[in-house]
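Notes for the structure review
What follows is the residue order along each chain.
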Amino acid sequence: MAATSLPVFLYSVRRKFTSLVTFVGKIFTPQQTATRYIYRHHNTMSFVYRNAVVSRIPDSFAKDALRSKSSKEEVSLEKARRQHEVYIHTLRRLGLDVIELPADEGLPDCVFVEDTAVIHNGVALITRPGHPSRRKEVESIRRVLQKEFKLELYEIADENAMIDGGDVLFTGKEFFVGLSNRTNQAGALAVANAYPDYRVSSINVTNALHLKSLVSVAWPDVLAVGASPAAKKALKEMELKGEYDYEIITLPDDEAASCLYLNGTLIHCSKEEYPESFKVFEERMPDERRIPLNFSEISKVDAGLTCGVLLIGKQRVHIQ
């Protein structure tokens, strides 16, 4: 075989192997297939966490939290807080030591801590949130990450950079960064600089707040993706730019694509919120490996299940 034809040959073999794996998967029941994915050894450890940081919901949340949706549904503060309590309880149920930051009335969006930092492998990228009203949110997060975990902090020097954590999707193998109204190319470059050992691909996001409003990790090597044209467009670009192949679960509702995989369990939308998408999760994953959670009141301000937590694998070093 000529040397110049070797890459073509290897690519062909890889594609044929991928097709074979896909075919073989079809002879298993959906739950058997899901179980096989869950126990993939090469990628599972990326989603094992010991700690979590959350923030309480301020009184100002109901009226002043940012919204991009045309709908201005009234938010019940009491109901939002009840749902948030269940969210925190679920994190503890999955073995996490949860640090709860007090609500800051001057920062109505402070509950959405995901946007303030990107954390992986002992390094925390402190973000520069795209909306000016959210910039101060990073201050309390920076303090707790330094004090409680002694993480290596990466600060963004470029004042033109914008980046929300909701635009940063880590698959366990590589990063995808959404270019949205809240994140620009300079922000994506900051991710590449903070994590030089990983491929970082920028993805254009349209008709959505963040990349993870359209796609997130359902379990190792499997992505949950909405069915809208915007979600399909983002996925296509990810497939073109990404280094690895992923199994895709398509959900009828984009909002349901914001799900949270950690410690071997998937937290996903409730049946009450998105019955058709719930059915997809129910068919694809065993009951013992998933927890449905109602986030309906909090989601009125553009939030998904990934938004309310920072997950940390490192052991907590400062305990009162």
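Residues numbered from 1 in each chain as written. Predicted model: local features only at pLDDT ≥ 70, side-chain atom pairs only at ≥ 80, totals over all residues. Heavy atoms only, no water.

1. Overview of the overall build of the protein chain
Regarding its fold elements, the protein chain presents nine helices and 15 strands. Out of the 320 residues in the protein chain, the part that is buried amounts to 53%. Long-range pairs, those at least 24 residues apart, make up 75% of the contacts in the protein chain between residues at least 6 apart in sequence. As presented, the protein chain carries roughly 15,300 Å² of accessible surface, and 53% of it is formed by carbon and sulfur atoms. (Helix = DSSP H or I, 4+ residues; strand = E, 2+ residues; numbered from the N terminus. Buried < 20%, exposed > 50% of the residue type's maximum accessible area, 1.4 Å probe, protein only. Contact = heavy atoms within 4.5 Å. Areas by Shrake-Rupley, 256 points an atom, 1.4 Å probe, with all protein chains shown as cover.)

2. Observations concerning the sheet that holds strand β15 (residues 310-312)
The strand order across the open sheet built from three strands is β2-β1-β15, with neighbouring strands paired in mixed fashion. Among the strands making up the open sheet, the edge pair consists of β2 (97-101) and β15. Each strand of the sheet is rotated relative to its neighbour by a mean of 20 degrees, with strand direction disregarded. Note: strand β1 (residues 51-55) against β15, three bridges, orientation antiparallel. In the sheet register, A52 faces β15, and the bridge partner there is L311. (Pairing = 2+ DSSP bridges. Axes fitted to C-alpha atoms, helices over the stretch in contact; angles between N-to-C directions.)

3. Digging into empty space enclosed by the protein
Per the stated rule, a full pass over the model turns up one cavity of 30 Å³ or more. Taken together, 14 residues make up the lining of the largest cavity; nearest its centre are F112, R134, L209, V301 and D302. Residues belonging to the lining of the largest cavity are distributed by class as follows: six nonpolar, two polar and six charged. (1 Å grid on protein atoms, 1.4 Å probe; cavity = no way out; pocket = protein on both sides within 12 Å on 5 of 7 lines; lining within 4 Å. Points joined across faces, edges and corners; volume = space filled by probe spheres on them. Nonpolar A, V, L, I, M, F, W, Y, C, P; charged D, E, K, R; others polar.)

4. Looking at the sheet that holds strand β9 (residues 215-219)
Sheets are built from strands paired through backbone hydrogen bonds, the pairs being either parallel or antiparallel. In spatial order, the strands read β9-β10-β11; together these three strands make up an open sheet with mixed pairing. Taken across any chain shown, the strands that pair with only one partner, and hence form the sheet edges, are β9 and β11 (247-251). Neighbour-to-neighbour, the strand axes of the sheet open up by a mean angle of 35 degrees, direction not taken into account. Pairing analysis gives five bridges linking strand β10 (residues 222-226) to β11, with the strands arranged parallel. Among the inter-strand pairings, V225 is bridged to a residue of β11, identified as T250.

5. Section: the nonpolar core
Residues F61, L91, L211 and L262 are the most contacted members of the largest nonpolar core, which totals 63 residues. Excluding residues that lie within four positions of it along the chain, F61 makes contacts with V75, L77, A80, P108, V111, F112, I298 and V301. (Core = buried A, V, L, I, M, F, W, Y, C linked by side-chain atoms within 4.5 Å.)

6. Details of the layout of surface pockets
A volume near 650 Å³ is recorded for the largest pocket. Lining the largest pocket we find 31 residues, and of these S46, Y49, I119, F170 and L311 sit closest to its centre. Examining the composition of the lining of the largest pocket, we find that four residues originate from one element, strand β3 (residues 117-120), more than from any other. Of the residues contributing to the lining of the largest pocket, the split by class is 20 nonpolar, eight polar and three charged.

7. Quick look at unusual backbone geometry
Although it is not a glycine, K150 adopts a positive phi angle of roughly 50 degrees. Mapped onto the fold, K150 is located in the loop between α6 (137-149) and β5 (152-155). Using a relative accessible area of 54% as the deciding quantity, one classes K150 as exposed. Of note in the backbone geometry, D221 takes a positive phi value of approximately 70 degrees without being a glycine. On the secondary structure map, D221 appears in the loop between β9 and β10. Residue D221 is classed as buried on the basis of its relative accessible area, which comes to 4%.

8. Describing the side chain of S46
Its place among the elements puts S46 in the loop between α3 (41-44) and β1. A polar side-chain atom of S46 sits 3.4 Å from the main-chain carbonyl oxygen of G172. Discounting chain neighbours no more than four positions away, the residues touching S46 are F170 and G172. (Polar contact = N/O pair within 3.5 Å; in protein donor to acceptor, adjacent residues only side chain to side chain.)

9. Details of the packing of aromatic side chains
Across all of its chains, the model carries seven aromatic pairs by this definition. Here F170 and F175 contribute two aromatic rings whose centre-to-centre distance is 4.6 Å and whose plane-to-plane angle is 35 degrees, an arrangement assigned as tilted. The exposure classification of F170 matches that of F175, with both residues buried. Among the aromatic residues, those joined into a cluster by ring pairs are F170, F175, Y195 and Y198. (Phe/Tyr/Trp six-rings, centres within 6.5 Å; stacked < 30°, edge-to-face > 60°.)

10. Notes on the pairing of β9
Burial analysis of β9 places five of its five residues in the buried class, which makes it a mostly covered element. Direction of pairing for β9 relative to β10: antiparallel, over a ladder of four bridges. Residue pairing for β10: V215 is matched across the bridge by V225. Linking β9 to β10, which pair antiparallel, is a turn of two residues; within it D221 sits at a positive phi near 70 degrees.

11. With respect to the confidence of the model for the protein chain
Chain-level pLDDT for the protein chain is 88 on average; 84% of the residues reach the 70-or-more range. The low-confidence segment residues 1-42, where pLDDT is below 50, has 39 contacts with residues more than four positions distant or belonging to other chains. (pLDDT = per-residue confidence, 0-100.)

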